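Commentary on secondary and tertiary structure
Residues per chain, in single letters:
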Amino acid sequence: LDTEELDSIVVGIVNCDVETQNCQERERGFRVALAEDPRVQEIYTVNVPTDADLARQAARGLLLEHPDINVLVGFNEPLAVGVAQAVDSLREIAFDTNPVCVELLQKGAVSALIVQNPYAMGYLGVETAWRSLQGERFDASSLINTPTTTITRETMFTIESQKAIFSFD
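What you see is a predicted model; the values in this text were computed from it and never measured.

**A few points about the pairing of strand β1 (residues 9–15)**
- When you tally the buried positions in β1, you get seven out of seven residues, the bulk of the element.
- Judged by which residues are buried, β1 turns out to be covered on both faces: Ile9, Val11, Ile13 and Asn15 on one side and Val10, Gly12 and Val14 on the other are all buried.
- Judged from the seven bridges that link them, β1 and strand β2 (residues 40–47) form a sheet pairing that is parallel. Pairing of Val14 across the sheet is with Val46, part of β2.
- Of the crossover connections in this fold, the one passing from β1 over helix α1 (residues 21–35) to the parallel β2 is right-handed.

Below, the structure is given as C-alpha coordinates:
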(Lines give C-alpha, C1' and ligand atoms only; values in the text may rest on other atoms or scores of the structure.)
Protein backbone atom coordinates (compact mmCIF):
# COMPACT_ATOMS: atom_id res chain seq x y z
CA LEU A 1 0.00 0.00 0.00
CA ASP A 2 1.55 3.28 -1.08
CA THR A 3 1.23 5.78 1.74
CA GLU A 4 4.61 7.41 1.18
CA GLU A 5 3.11 10.79 0.28
CA LEU A 6 1.22 10.93 3.58
CA ASP A 7 2.95 12.86 6.36
CA SER A 8 0.39 11.71 8.89
CA ILE A 9 -1.71 8.54 8.89
CA VAL A 10 -4.99 8.22 10.77
CA VAL A 11 -6.52 4.77 10.46
CA GLY A 12 -10.13 3.69 10.76
CA ILE A 13 -10.81 -0.01 11.21
CA VAL A 14 -14.18 -1.63 10.54
CA ASN A 15 -13.84 -5.00 12.19
CA CYS A 16 -16.04 -8.02 12.94
CA ASP A 17 -17.80 -8.61 16.22
CA VAL A 18 -15.38 -8.67 19.15
CA GLU A 19 -16.20 -12.37 19.63
CA THR A 20 -14.76 -13.23 16.19
CA GLN A 21 -11.24 -14.39 17.04
CA ASN A 22 -9.70 -14.34 13.55
CA CYS A 23 -10.72 -10.72 12.95
CA GLN A 24 -9.46 -9.70 16.38
CA GLU A 25 -6.14 -11.38 15.62
CA ARG A 26 -6.00 -9.50 12.31
CA GLU A 27 -6.50 -6.24 14.17
CA ARG A 28 -3.82 -7.06 16.75
CA GLY A 29 -1.33 -7.91 14.01
CA PHE A 30 -2.29 -4.84 12.01
CA ARG A 31 -1.80 -2.61 15.04
CA VAL A 32 1.62 -4.16 15.70
CA ALA A 33 2.66 -3.41 12.11
CA LEU A 34 1.28 0.14 12.32
CA ALA A 35 3.17 0.78 15.54
CA GLU A 36 6.39 0.58 13.50
CA ASP A 37 5.38 3.60 11.37
CA PRO A 38 5.93 6.92 13.19
CA ARG A 39 3.47 8.66 10.86
CA VAL A 40 0.54 6.75 12.37
CA GLN A 41 -1.12 9.26 14.66
CA GLU A 42 -4.30 7.49 15.68
CA ILE A 43 -6.24 4.27 15.13
CA TYR A 44 -10.01 4.09 15.59
CA THR A 45 -11.98 0.85 15.53
CA VAL A 46 -15.65 0.03 15.21
CA ASN A 47 -16.95 -3.55 15.48
CA VAL A 48 -19.99 -4.73 13.54
CA PRO A 49 -21.56 -8.01 12.46
CA THR A 50 -20.17 -9.31 9.17
CA ASP A 51 -22.55 -7.52 6.81
CA ALA A 52 -21.72 -5.09 3.99
CA ASP A 53 -24.60 -2.71 4.76
CA LEU A 54 -23.71 -2.53 8.45
CA ALA A 55 -20.04 -2.01 7.53
CA ARG A 56 -20.99 0.85 5.18
CA GLN A 57 -23.04 2.51 7.92
CA ALA A 58 -20.28 1.97 10.49
CA ALA A 59 -17.60 3.35 8.15
CA ARG A 60 -19.68 6.46 7.47
CA GLY A 61 -20.21 6.94 11.21
CA LEU A 62 -16.51 6.47 11.89
CA LEU A 63 -15.64 9.05 9.21
CA LEU A 64 -18.17 11.54 10.59
CA GLU A 65 -16.83 11.11 14.10
CA HIS A 66 -13.16 11.23 13.00
CA PRO A 67 -12.90 13.21 9.74
CA ASP A 68 -9.10 13.07 9.91
CA ILE A 69 -9.11 9.35 8.97
CA ASN A 70 -7.19 8.89 5.72
CA VAL A 71 -6.79 5.10 5.67
CA LEU A 72 -9.76 2.79 6.19
CA VAL A 73 -9.63 -0.99 6.65
CA GLY A 74 -12.29 -3.69 6.36
CA PHE A 75 -11.05 -6.95 7.88
CA ASN A 76 -13.01 -9.41 5.75
CA GLU A 77 -14.78 -9.48 2.41
CA PRO A 78 -18.27 -8.23 3.42
CA LEU A 79 -16.77 -5.52 5.62
CA ALA A 80 -14.37 -4.45 2.86
CA VAL A 81 -17.23 -4.17 0.37
CA GLY A 82 -19.26 -2.05 2.79
CA VAL A 83 -16.30 0.18 3.59
CA ALA A 84 -15.60 0.69 -0.12
CA GLN A 85 -19.19 1.81 -0.60
CA ALA A 86 -18.75 4.41 2.14
CA VAL A 87 -15.63 6.17 0.91
CA ASP A 88 -14.48 8.10 -2.11
CA SER A 89 -10.92 9.30 -1.78
CA LEU A 90 -9.43 7.37 1.12
CA ARG A 91 -7.01 4.50 0.89
CA GLU A 92 -8.90 1.36 1.74
CA ILE A 93 -7.34 -1.98 2.54
CA ALA A 94 -9.49 -5.05 2.06
CA PHE A 95 -9.11 -8.72 2.89
CA ASP A 96 -9.95 -11.64 0.62
CA THR A 97 -10.33 -11.97 -3.12
CA ASN A 98 -13.95 -12.40 -3.97
CA PRO A 99 -14.91 -10.94 -7.37
CA VAL A 100 -16.35 -7.77 -5.80
CA CYS A 101 -13.12 -6.95 -3.92
CA VAL A 102 -10.99 -7.67 -7.00
CA GLU A 103 -13.22 -5.39 -9.08
CA LEU A 104 -13.01 -2.66 -6.42
CA LEU A 105 -9.22 -2.95 -6.53
CA GLN A 106 -9.17 -2.74 -10.32
CA LYS A 107 -11.42 0.35 -10.26
CA GLY A 108 -9.28 2.01 -7.59
CA ALA A 109 -11.97 2.01 -4.89
CA VAL A 110 -9.72 -0.28 -2.83
CA SER A 111 -6.00 0.47 -2.57
CA ALA A 112 -4.79 -2.98 -1.54
CA LEU A 113 -6.01 -6.51 -0.92
CA ILE A 114 -4.50 -8.71 1.76
CA VAL A 115 -4.82 -12.16 0.21
CA GLN A 116 -4.79 -15.24 2.37
CA ASN A 117 -3.91 -18.76 1.35
CA PRO A 118 -6.81 -20.95 2.51
CA TYR A 119 -5.16 -24.08 1.12
CA ALA A 120 -2.08 -23.52 3.29
CA MET A 121 -4.27 -22.72 6.29
CA GLY A 122 -6.18 -25.98 5.93
CA TYR A 123 -3.17 -28.09 5.02
CA LEU A 124 -0.97 -26.87 7.86
CA GLY A 125 -3.82 -27.08 10.36
CA VAL A 126 -4.65 -30.69 9.44
CA GLU A 127 -0.96 -31.60 9.31
CA THR A 128 -0.44 -30.21 12.82
CA ALA A 129 -3.53 -32.01 14.12
CA TRP A 130 -2.34 -35.29 12.55
CA ARG A 131 1.13 -34.97 14.09
CA SER A 132 -0.48 -34.26 17.45
CA LEU A 133 -2.66 -37.39 17.10
CA GLN A 134 0.49 -39.37 16.37
CA GLY A 135 1.87 -38.33 19.76
CA GLU A 136 4.07 -35.45 18.67
CA ARG A 137 4.07 -32.68 21.25
CA PHE A 138 2.62 -29.42 20.03
CA ASP A 139 2.86 -26.04 21.74
CA ALA A 140 -0.68 -24.67 21.46
CA SER A 141 0.59 -21.12 21.87
CA SER A 142 2.99 -21.40 18.93
CA LEU A 143 2.18 -19.65 15.69
CA ILE A 144 1.52 -21.57 12.49
CA ASN A 145 2.38 -18.99 9.90
CA THR A 146 0.41 -19.11 6.68
CA PRO A 147 1.47 -16.77 3.92
CA THR A 148 -0.42 -13.69 2.82
CA THR A 149 0.18 -11.50 -0.19
CA THR A 150 -0.47 -7.77 -0.47
CA ILE A 151 -1.84 -6.91 -3.89
CA THR A 152 -2.22 -3.39 -5.23
CA ARG A 153 -3.71 -2.08 -8.43
CA GLU A 154 -0.18 -1.81 -9.84
CA THR A 155 0.71 -5.42 -9.02
CA MET A 156 -2.62 -7.16 -9.54
CA PHE A 157 -1.76 -8.50 -12.99
CA THR A 158 1.63 -9.96 -12.14
CA ILE A 159 1.90 -13.74 -12.25
CA GLU A 160 2.45 -13.90 -8.47
CA SER A 161 -0.63 -11.79 -7.75
CA GLN A 162 -2.78 -13.72 -10.20
CA LYS A 163 -1.73 -16.98 -8.53
CA ALA A 164 -2.72 -15.52 -5.13
CA ILE A 165 -6.06 -14.15 -6.35
CA PHE A 166 -7.02 -17.26 -8.32
CA SER A 167 -5.35 -20.01 -6.29
CA PHE A 168 -6.36 -23.54 -7.19
CA ASP A 169 -4.01 -25.48 -4.89
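Now that the structure has been shown, the text picks up again.
**What about the state of the cysteines?**
- Summed over all chains, the structure comprises one disulfide.
- Between the sulfur of Cys16 and that of Cys23 lies a disulfide, 2.3 Å long from S to S. The two residues Cys16 and Cys23 agree in class, both being buried.
- No disulfide involves Cys101; its sulfur sits 13 Å from the nearest other cysteine sulfur, which is in Cys16.
- By relative accessible area, Cys101 is classed as buried at 0%.

**Thoughts on the pattern of salt bridges**
- All told, the structure shown has seven salt bridges when counted by the stated rule.
- Each of Glu127, Arg131 and Glu136 takes part in one network of salt bridges that share partners.

**Section: the packing of helix α3 (residues 77–86) against helix α4 (residues 99–107)**
- Where α3 meets α4, the axes come as close as 9 Å, and the angle between the chain directions of the two elements is 40°. Pair α3 / α4 crosses with left-handed handedness. For the pair α3 and α4, contact is made by Glu77, Ala80, Val81 and Ala84 and by Val100, Cys101 and Leu104, respectively.
- Considered class by class, the residues forming the contact of α3 with α4 number six nonpolar, no polar and one charged.

**Concerning the packing of helix α2 (residues 52–65) against α3**
- Closest axis-to-axis distance for the α2/α3 pair is 7 Å, and the angle between their directions is 50°. Taken together, α2 and α3 sit at an angle that is classed as oblique. α3 is crossed by α2, and the crossing has right-handed handedness. Counted together, Ala52, Ala55, Arg56, Ala59, Arg60 and Leu63 of α2 and Pro78, Leu79, Val81, Gly82, Val83, Gln85 and Ala86 of α3 form the full contact between these two elements.

**Remarks on the nonpolar core**
- Ranked by internal contacts, the top residues of the largest apolar core, which has 16 residues, are Val14, Ala59, Ile69, Leu72 and Leu79.
- Going through the elements one at a time, β1, α2 and α3 are the ones with two or more residues in this core.
- Per-element tally for this core: the top contributor is α2, with five residues.
- Ignoring anything within four residues of it in the chain, the contact list for Val14 reads Val46, Val48, Ala55, Ala58, Ala59, Leu62, Val73, Gly74, Phe75, Leu79 and Val83.
- Membership of the second largest hydrophobic core comes to 14 residues, among which are Leu105, Val110, Leu113 and Ile151.

**Here we look at the pairing of strand β5 (residues 112–115)**
- On β5, burial covers both faces: Ala112 and Ile114 on one face and Leu113 and Val115 on the other are all buried.
- Pairing analysis gives four bridges linking β5 to strand β6 (residues 149–152), with the strands arranged antiparallel. Within β6, the position partnered with Ile114 by the bridge is Thr150.

Rules and cut-offs
Residues numbered from 1 in each chain as written. Predicted model: local features only at pLDDT ≥ 70, side-chain atom pairs only at ≥ 80, totals over all residues. Heavy atoms only, no water. Buried < 20%, exposed > 50% of the residue type's maximum accessible area, 1.4 Å probe, protein only. Helix = DSSP H or I, 4+ residues; strand = E, 2+ residues; numbered from the N terminus. Pairing = 2+ DSSP bridges. Right-handed = clockwise from strand over helix to strand, strands pointing away. Disulfide = S-S within 2.5 Å. Salt bridge = Lys/Arg side-chain N within 4 Å of Asp/Glu carboxyl O. Axes fitted to C-alpha atoms, helices over the stretch in contact; angles between N-to-C directions. Left-handed = near helix turned anticlockwise from the far one by under 90°. Contact = heavy atoms within 4.5 Å. Nonpolar A, V, L, I, M, F, W, Y, C, P; charged D, E, K, R; others polar. Parallel < 35°, antiparallel > 145°, perpendicular 65-115°, else oblique. Core = buried A, V, L, I, M, F, W, Y, C linked by side-chain atoms within 4.5 Å.

Don't take any of this as a statement about function, it's just geometry.
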